[in-house]
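Spelled out, the chains give:
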Amino acid sequence: MRTRPTVGRTRLALALAALLGGGALTALPAAQAAPTAEGLSVQYRTSAGGATADQTEPWLKIRNTGSSAVQLSQVKVRYYFKADAPNASYRFACSWAVRGCSAITGTFGTLSNPTATADRYLEIGFTAAAGTLAPGADTGDMQLRFHRTNWQTVRQSDDYSFNGARTSYADWEKVTARVAGATVWGTAPEGNDPTDPTDPPDPTDPPGGGQALFDDFDYRSHTDPAISAHGWNVRANSGGPGVPGATWDPSKVTFVSSGGNSVMNLETSTAGTGASTTHTEVLTKAMKFKNGTYAARVKFSDAPKSGPDGDHLVQTFFTINDLKAPMADDYAEYDFEYLPNGGWGEPSNILYTTSWETYNPDPWQAVNQHSEQRVSYAGWHDLVVTIDDRAITYYVDGRHFGTHDAQYLPERPMSINFNQWLIDLNGQTSTTPRAYDQQVDYVLHVKDQVLTPAQVAARVAGYRDAGTAFVDEVPSS
């Protein structure tokens, strides 16, 4: 057990006939474009109408034209386009959706019969959280977008499904829709029936079960509406932990390219006073995560990117819920905390993993178990913690770091958090401005499943190979 200064932490099919009540729809040839008396229609518009753009923005609505409700989890919609280069890779994102971006998935595929206007497709799907679509109802806006992973310009004018003149919603038959594998709307590029049995399984469906949250942090800035739509909060409210009088500055959370991936950068800075100190934190708005596997790839820093070194800095990845009362026994927190310059009585760099049962902020009393290594962890590291009914187990770069006892298991769900902050100003007394960076490549949570570090790496590679930048299947608690 280790003790800390008093801190107040806020870190917080079925064929279509079965789905729509039968009828002749299942006999409709897949290549037929005409809408049917019972089925779906897809409306399309774009908010990026130029021949070229930094990203393609197909905004869609799906309408139920039938007489029975449709489970949206059974619906797949494809938007067809021509890749800008043979080896080009793409990322999908949802900026906003009436049904919630977390209920929408996007994956990329390659057509078996390329044409002059299409050799790839973006397939839109839905999680169970999207619910059903009543007869006559539509999904409302789905403001979708995709771009090249290197953010090079995309040419839209030669894309099969693109129409730059569509600035308001209207039926668009160059987008296809399927229900439970049966095509009910639209015409695919010639020779590319979307029910082709050679199509690979949807790679956003995690193998072996286990509802997952995955985020590749592919955002434009801290004001990108997709951040909130995906369930994240960029902290701006005051309070602890850390230096009294410091602020939490959302503008210091940025997104940059590193090694071909978009990564989240958290900057913390100070000029030696509380008023000049800014901390950063990004956390899930929902407390819905409990047992299972948590993983992130995080870059720790031993030295500032500018100014003098020596501050008592904390760089973190953790889960937490709220302390309802001092020493409340339903509190839970599981930390990776790297201190590059020491602090809490440590003279130099140390990495802690800590499992918390509870604490009392004043007078300070803590009930926790921790593991530690007093070496430098500067650079990128794969961090994994698993929680089952027996223990909490931590891994760093595929190696076992520590296992903590069952008495520290969570009683309530938690949020997922990243933050960077200064414990105090005692490590470096200079008034020269300095700034530190912590970076995050991705985060993954798989509910109620214990994965090995190798399985985590395979799951992340699967999402990236599929072009999936975000998915959240974890139900609300």
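Residues numbered from 1 in each chain as written. Predicted model: local features only at pLDDT ≥ 70, side-chain atom pairs only at ≥ 80, totals over all residues. Heavy atoms only, no water.

Draft legend 1. Main features of the overall build of the protein chain. Scanning the protein chain for helices and strands turns up three helices and 31 strands. Looking at the protein chain as a whole, 57% of its 477 residues are labelled buried. Only carbon and sulfur atoms are counted for the fraction: they give 50% of the accessible area of the protein chain, which is about 17700 Å². (Helix = DSSP H or I, 4+ residues; strand = E, 2+ residues; numbered from the N terminus. Buried < 20%, exposed > 50% of the residue type's maximum accessible area, 1.4 Å probe, protein only. Areas by Shrake-Rupley, 256 points an atom, 1.4 Å probe, with all protein chains shown as cover.)

Draft legend 2. Summary view of helix H3 (residues 453–465). Over its 13 residues, H3 extends 18 Å from the first C-alpha to the last, a length consistent with the 18 Å expected when each residue adds 1.5 Å. For H3, the full list of buried residues reads Val-456, Arg-459, Val-460 and Tyr-463. Projected down its long axis, H3 carries its buried residues within an arc of 95°, all on one side. Projecting away from the buried face of H3 at angles above 90 degrees are the exposed residues Ala-454 and Asp-465. At its buried positions, H3 is contacted by strand S15 (212–215), strand S21 (292–300), strand S26 (379–387), strand S30 (434–447) and strand S31 (470–472). Of the residues trailing H3, Gly-467 is marked for its positive phi of about 75°. (Expected span 1.5 Å × (residues − 1). Arc of directions from axis to C-beta. Contact = heavy atoms within 4.5 Å.)

Draft legend 3. Examining the environment of Thr-110 more closely. Within the secondary structure layout, Thr-110 lies in strand S7 (residues 104–115). Once the C-alpha coordinates of Thr-110 and Ala-83 are considered, the two residues, 27 residues apart in sequence, prove to be 9.5 Å apart. Sequence-distant contacts of Thr-110, that is, excluding residues within four places in its chain, are made with Asp-119, Arg-120 and Tyr-121.

Draft legend 4. Molecular detail of the pairing of strand S13 (residues 175–179). When you tally the buried positions in S13, you get five out of five residues, the bulk of the element. Because side chains alternate across S13, one face comprises the buried residues Val-175, Ala-177 and Val-179, and the other comprises Thr-176 and Arg-178, equally buried. Sheet analysis places strand S5 (residues 75–81) next to S13, joined by five bridges and oriented antiparallel. Note that in S13 the partner of Val-77 across the bridge is Ala-177. Summarising the sheet, S13 and strand S14 (residues 182–185) pair through three bridges and their orientation is antiparallel. Bridge pairing in S14 links Arg-178 to Thr-183. From the end of S13 to the start of S14, which pair antiparallel, there are two residues, and Ala-180 there has a positive phi angle of about 50°. (Pairing = 2+ DSSP bridges.)

Draft legend 5. Up close: the pattern of salt bridges. Applying the stated criterion across every chain, the model contains 22 salt bridges. Here the residues in one salt-bridge network are Arg-91, Asp-216, Asp-441 and Arg-464, joined through shared partners. (Salt bridge = Lys/Arg side-chain N within 4 Å of Asp/Glu carboxyl O.)

Draft legend 6. View of the state of the cysteines. All told, the structure shown has one disulfide when counted by the stated rule. Residue Cys-94 pairs covalently with Cys-101 via a disulfide, S to S 2.0 Å. Residues Cys-94 and Cys-101 share a disulfide whose torsion about the S-S bond is about -70°; that sign makes it left-handed. Taking relative accessible area as the criterion, Cys-94 reaches 1% and is therefore assigned buried. The class of Cys-101 is buried, set by a relative accessible area of 2%. (Disulfide = S-S within 2.5 Å.)

Draft legend 7. Structural detail: the sheet that holds strand S3 (residues 58–64). Pairing in this open sheet of five strands is antiparallel, and the strands run S6-S10-S3-S1-S12 from one edge to the other. Of all the strands in the sheet, the pair left with one neighbour each is strand S6 (90–97) and strand S12 (170–171).

Draft legend 8. Spotlight on the packing of aromatic side chains. Under the counting rule described, the total for this entry stands at 27 aromatic pairs. Judged by centre distance (6.2 Å) and plane angle (75°), the ring pair of Trp-356 and Trp-364 falls under edge-to-face. Clustering of aromatic rings is evident, with ring pairs tying together Tyr-44, Tyr-79, Phe-81, Tyr-90, Phe-108, Phe-146 and Trp-172. A cation over a ring is seen here: Lys-174 above Tyr-160, with NZ or CZ 5.2 Å from the ring centre. One cation-aromatic arrangement involves Arg-220 over Trp-151; the distance from NZ or CZ to the ring centre is 4.1 Å. (Phe/Tyr/Trp six-rings, centres within 6.5 Å; stacked < 30°, edge-to-face > 60°. Lys NZ or Arg CZ within 6 Å of the ring centre and 35° of its normal.)

Draft legend 9. Quick look at the pairing of strand S20 (residues 278–284). Buried residues dominate S20, accounting for seven of its seven residues. Here S20 shows a buried face lined by Thr-278, Thr-280, Val-282 and Thr-284 and a second buried face lined by His-279, Glu-281 and Leu-283. Across two bridges, strand S17 (residues 247–248) lies against S20 in parallel orientation. Looking across to S20, one finds that Thr-247 is bridged to Thr-278. Sheet topology places S20 next to strand S29 (residues 415–422); four bridges connect them, and they run antiparallel. The residue bridging Glu-281 from the neighbouring strand is Asn-419, located in S29.

Draft legend 10. Structural detail: the sheet that holds strand S8 (residues 118–126). Read across the sheet, five strands follow the order S7-S8-S5-S13-S14 without closing on themselves; strand pairing throughout is antiparallel. Looking at the sheet topology across the chains shown, the edges are occupied by S7 and S14. Here the average twist between neighbouring strands, direction ignored, is 30°. (Axes fitted to C-alpha atoms, helices over the stretch in contact; angles between N-to-C directions.)

Draft legend 11. Inspection of the confidence of the model for the protein chain at higher detail. Across the protein chain, the average pLDDT comes to 88, with 89% of residues at 70 or higher. Across residues 1–37 the pLDDT falls below 50, and counting only partners more than four positions away or on other chains, this stretch makes 107 contacts in the model. (pLDDT = per-residue confidence, 0-100.)

Draft legend 12. Representation of the side chain of Asp-437. Looking at the secondary structure, you find Asp-437 in strand S30. A polar contact is formed between the side chain of Asp-437 and the side chain of Asn-265, at a distance of 3.1 Å. The residues touching Asp-437, leaving out its near neighbours within four places in the chain, are Asn-265, Leu-266, Glu-267, Lys-299, Ser-301, Lys-305, Gln-315 and Gln-420. (Polar contact = N/O pair within 3.5 Å; in protein donor to acceptor, adjacent residues only side chain to side chain.)

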